[in-house]
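Residue strings, one per chain:
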Amino acid sequence: MKIQWYPGHMTKAKRMMVEDIKLIDLVIELVDARIPYSSRNPDIDKLAQGKSRVILLNKSDLCDDRKSDEWIDYFQSKGFLVVKLDSRNKSNMKNIKTIIAKACEEKKAKDRKKGIINRPVRAMVVGIPNVGKSTFINSFAGKSCAKTGNKPGVTKGKQWIKLNKDVELLDTPGILWPKFDDEMVGTNLAYIGSINDQIINMTELALELIEFLQTRYPGRLAERYGENIDSSEAPQIIGEIAKVRGCLKKGGEIDYDKAVSILFDDFRSGKIGKITIETPADISTQGDN
């Protein structure tokens, strides 16, 4: 299943970020903890060269803790500071303050040598669409100052947010990159909702998701939708979900589209369980960045 999505506003957003990076001390990159590799825009590494870097494994409440630990080891081996995060949980924010301070120790020391004292750290918050940047900023700030939503493209322009005398954040729109060289990256992004569902054949995507879950997480679909699922093939499973959830059109015809929508709502919200789609071992066979 070949998926590509790069709407025009992303080109404008990238140009804006190239200009703004000159003002920045630290780049805070949010990735989705379910697909930490696929949800990293490779352009960010080029953009952020020479800057302090932090990676936040967001939505960690939706994925395997053990596999998240593997990703932490992976990113730390690449020289990043890394934190697991559920951006909706404000109790996580103390760790973020600590990691920002650690990331900027060298910059602060250089400022002191130049006689610059108490200049706030300027951090750019970056990531792909629907990865939770605005939710993170609102939790970190302790107030609603960035627009949030459960679909890609909510943040359209940049926004400076002064958190306190020590840190200023620049919120940026979620951007993808012009072409996914690996087809699996596009599929993984579609699974979590970082690509507009309206441009995708969601039934075909659902069949791929079902096959993945049956292979990597056997029994999870049966736990959610009933034991009949385990003995069925992927197309029949959609029909079983429709029956269990009462997805019927007039005349009793099965509403497959509604069943597919329920499957993705349940998967993306964690109702099928904590699931990590890719591991460092998966990407080592593809050739990582």
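Residues numbered from 1 in each chain as written. Predicted model: local features only at pLDDT ≥ 70, side-chain atom pairs only at ≥ 80, totals over all residues. Heavy atoms only, no water.

J.: I'd like to hear about the overall build of the chain, residue by residue, with values.
T.: Regarding its fold elements, the chain presents twelve helices and six strands. Its C-alpha atoms give the chain a radius of gyration of 20 Å, near enough to 19 Å, the size a compact globule of 289 residues would have. In terms of overall dimensions, the chain has a C-alpha envelope of 75 × 35 × 35 Å along the principal axes. Burial statistics for the chain: of 289 residues in total, 53% are counted as buried. In the chain, the proportion of contacts linking residues at least 24 apart, taken out of those at least 6 apart, comes to 69%. Averaging the positions of the 48 positive and the 40 negative side-chain charges in the chain gives two centres separated by 10 Å. (Helix = DSSP H or I, 4+ residues; strand = E, 2+ residues; numbered from the N terminus. Rg over C-alpha atoms; globule rule 2.2 N^0.38 Å. Buried < 20%, exposed > 50% of the residue type's maximum accessible area, 1.4 Å probe, protein only. Contact = heavy atoms within 4.5 Å. Lys, Arg positive; Asp, Glu negative; His and termini not counted. Charge placed at Lys NZ, Arg CZ, Asp CG, Glu CD.)

J.: I'd like a rundown of the packing of helix α7 (residues 183-192) against helix α11 (residues 256-269), residues and numbers included.
T.: Where α7 meets α11, the closest approach of the two axes is 8 Å, and the angle between their N-to-C directions is 90°. Accordingly, the angle class assigned to the pair α7 and α11 is roughly perpendicular. Residues A190, Y191 and I192 of α7 form the contact with α11, whose participating residues are F264, F267 and R268. Per-class residue counts for the contact of α7 with α11 are five nonpolar, no polar and one charged. (Axes fitted to C-alpha atoms, helices over the stretch in contact; angles between N-to-C directions. Parallel < 35°, antiparallel > 145°, perpendicular 65-115°, else oblique. Nonpolar A, V, L, I, M, F, W, Y, C, P; charged D, E, K, R; others polar.)

J.: Which residues make up the pattern of salt bridges, and what values do they have?
T.: With the rule as written, the count across this model stands at 20 salt bridges. Across the salt bridge formed by R34 and D32, the nearest N and O atoms sit 2.8 Å from each other. As far as burial versus exposure is concerned, R34 and D32 are alike and both buried. Shared partners join several salt bridges into a network, and the residues in it are D25, K107, D111 and R119. (Salt bridge = Lys/Arg side-chain N within 4 Å of Asp/Glu carboxyl O.)

J.: Kindly report on the side chain of D64, identifying the contributing residues and their values.
T.: The residue D64 is located in the loop between β2 (52-58) and α3 (65-77) in this model. At 2.8 Å, the side chain of D64 and the side chain of Y217 are in polar contact. Setting aside chain neighbours within four positions, we find D64 in contact with Y217, K274, I275 and T276. (Polar contact = N/O pair within 3.5 Å; in protein donor to acceptor, adjacent residues only side chain to side chain.)

J.: Can you tell me about the packing of α7 against helix α8 (residues 202-216), naming the residues and giving the values?
T.: Look at α7 against α8: their axes get within 11 Å of each other, and the N-to-C directions meet at 95°. One element, α7, and the other, α8, form an angle in the roughly perpendicular class. Facing T187, A190 and Y191 of α7, the residues of α8 in contact are L205, E208 and L209.

J.: Help me get a handle on the environment of S39, residues and values and all.
T.: Of note, S39 is situated in the loop between β1 (26-32) and α2 (42-47). Considering only alpha carbons, one finds S39 and I128, 89 residues apart in sequence, at a separation of 6.4 Å. For S39, the contacting residues outside a window of four places in its chain are L30, V31, D32, I128 and L189. Within polar-contact distance, the side chain of S39 engages the backbone nitrogen of D32 at 3.0 Å.

J.: Requested: an account of the confidence of the model for the chain, with residues and values cited.
T.: A low pLDDT means the predicted coordinates there should not be read in detail. In this model, the chain carries a mean pLDDT of 87, and residues with pLDDT of at least 70 account for 90%. Residue range residues 148-156 is modelled with pLDDT below 50. Its contacts to residues more than four positions away, or to other chains, number 25 contacts. (pLDDT = per-residue confidence, 0-100.)

J.: Can you break down the pairing of strand β4 (residues 121-126) residue by residue, with the values?
T.: Where burial is concerned, most of β4 is hidden: five out of the six residues are buried. In the sheet, β1 pairs with β4 via four bridges, with the strands oriented parallel. Bridging from a neighbouring strand, E29 pairs with V126 of β4. Bridging between β4 and strand β6 (residues 167-171) involves five bridges; their strand directions are parallel. (Pairing = 2+ DSSP bridges.)

J.: Tell me what's going on with the packing of aromatic side chains, and back it up with residues and numbers.
T.: Under the definition given, this model contains eight aromatic pairs. With a centroid separation of 6.5 Å and an interplanar angle of 75°, the aromatic rings of Y191 and F267 are classed as edge-to-face. In this pair, Y191 sits in helix α7 while F267 sits in helix α11, placing the two residues 76 residues apart along the sequence. Considered together, Y191 and F267 belong to a single accessibility category, that of buried residues. In this structure, R122 packs its charged tip against the face of W160, placed 5.1 Å from the ring centre. (Phe/Tyr/Trp six-rings, centres within 6.5 Å; stacked < 30°, edge-to-face > 60°. Lys NZ or Arg CZ within 6 Å of the ring centre and 35° of its normal.)

J.: Which residues make up the environment of E19, and what values go with them?
T.: Its place among the elements puts E19 in helix α1 (residues 8-20). Distance from E19 to L47, taken between C-alpha atoms, is 9.9 Å for residues 28 residues apart in sequence.

J.: Give a detailed account of unusual backbone geometry, specifying residues and quantitative values.
T.: Trans is the common state for peptide bonds, and a negative phi is the common state for residues other than glycine. At K59, a position not held by glycine, the phi torsion is positive, near 60°. Take K59: it is sitting in the loop between β2 and α3. Located in the positive-phi region is N130, a residue other than glycine, with phi close to 65°. Locating N130 in the fold gives a position in the loop between β4 and α6 (133-141). Residue N130 is classed as buried on the basis of its relative accessible area of 14%.

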